[in-house]
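Take a look at the letters that make up each chain.
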Amino acid sequence: MHNLCAGRLHWIDKDKMRRFILASQDSETGGISDRPGDLPDPFHTLFGVAGLSLLGDETVGAVNPVYCMPQAVIDRMGITQPQMLKM
């Protein structure tokens, strides 16, 4: 897990967080909302899936916490350290 989280995981009730994220999922249209019962959106879906990954949920692939992208994509691109994007 990313260095920012190191030593702080005990602050989070992983099971409660996982249940909250999954309860915020829209089973009809897909996606994740900011709270159960609200409409899902891309922002909360991205961070919901990333959160599940960082919590160790085995139903989603590993997400790189620096890039917030699937680790498989980072590996395939050969990125080994954080890089600045060139504009």
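Note that the structure is predicted; figures quoted are calculated from it, not measured.

Draft legend 1. Region of the structure containing a nonpolar patch on the surface. Nonpolar side chains collect at one region of the surface, where Trp 11, Ile 12, Met 17 and Phe 20 lie side by side and expose about 430 Å² of accessible area between them. Mapped onto the fold, Met 17 is located in helix α1 (residues 14-23).

Draft legend 2. Summary view of the side chain of Asn 64. Here Asn 64 is to be found in strand β1 (residues 63-64). Within polar-contact distance, the side chain of Asn 64 engages the backbone nitrogen of Val 66 at 2.8 Å. Aside from chain neighbours lying at most four places away, what touches Asn 64 is Met 69, Pro 70, Gln 71 and Ile 74.

Draft legend 3. Local environment of the pattern of salt bridges. According to the stated counting rule, one finds four salt bridges in the structure shown. The partner of Asp 38 in a salt bridge is Arg 35, with the nearest N and O atoms 3.3 Å apart. One continuous salt-bridge network, built from bridges that share partners, spans Asp 34, Arg 35 and Asp 38.

Draft legend 4. Here's a closer look at the environment of Leu 54. With respect to the element layout, Leu 54 can be found in helix α2 (residues 42-54). By relative accessible area, Leu 54 is classed as partly exposed at 28%. Sequence separation between Leu 54 and Pro 65 is eleven residues; the distance between their C-alpha atoms is 7.6 Å.

Draft legend 5. Representation of the environment of Pro 65. Take Pro 65: it is sitting in the loop between β1 and β2 (69-70). Residues Pro 65 and Gly 51, spaced 14 residues apart in sequence, show a C-alpha to C-alpha distance of 9.2 Å.

What counts and what doesn't
- Residues numbered from 1 in each chain as written.
- Predicted model: local features only at pLDDT ≥ 70, side-chain atom pairs only at ≥ 80, totals over all residues.
- Heavy atoms only, no water.
- Patch = residues over 30% accessible without salt bridge, like charges linked within 9 Å, V, L, I, M, F, W, Y side chains within 5 Å.
- Areas by Shrake-Rupley, 256 points an atom, 1.4 Å probe, with all protein chains shown as cover.
- Salt bridge = Lys/Arg side-chain N within 4 Å of Asp/Glu carboxyl O.
- Helix = DSSP H or I, 4+ residues; strand = E, 2+ residues; numbered from the N terminus.
- Polar contact = N/O pair within 3.5 Å; in protein donor to acceptor, adjacent residues only side chain to side chain.
- Contact = heavy atoms within 4.5 Å.
- Buried < 20%, exposed > 50% of the residue type's maximum accessible area, 1.4 Å probe, protein only.

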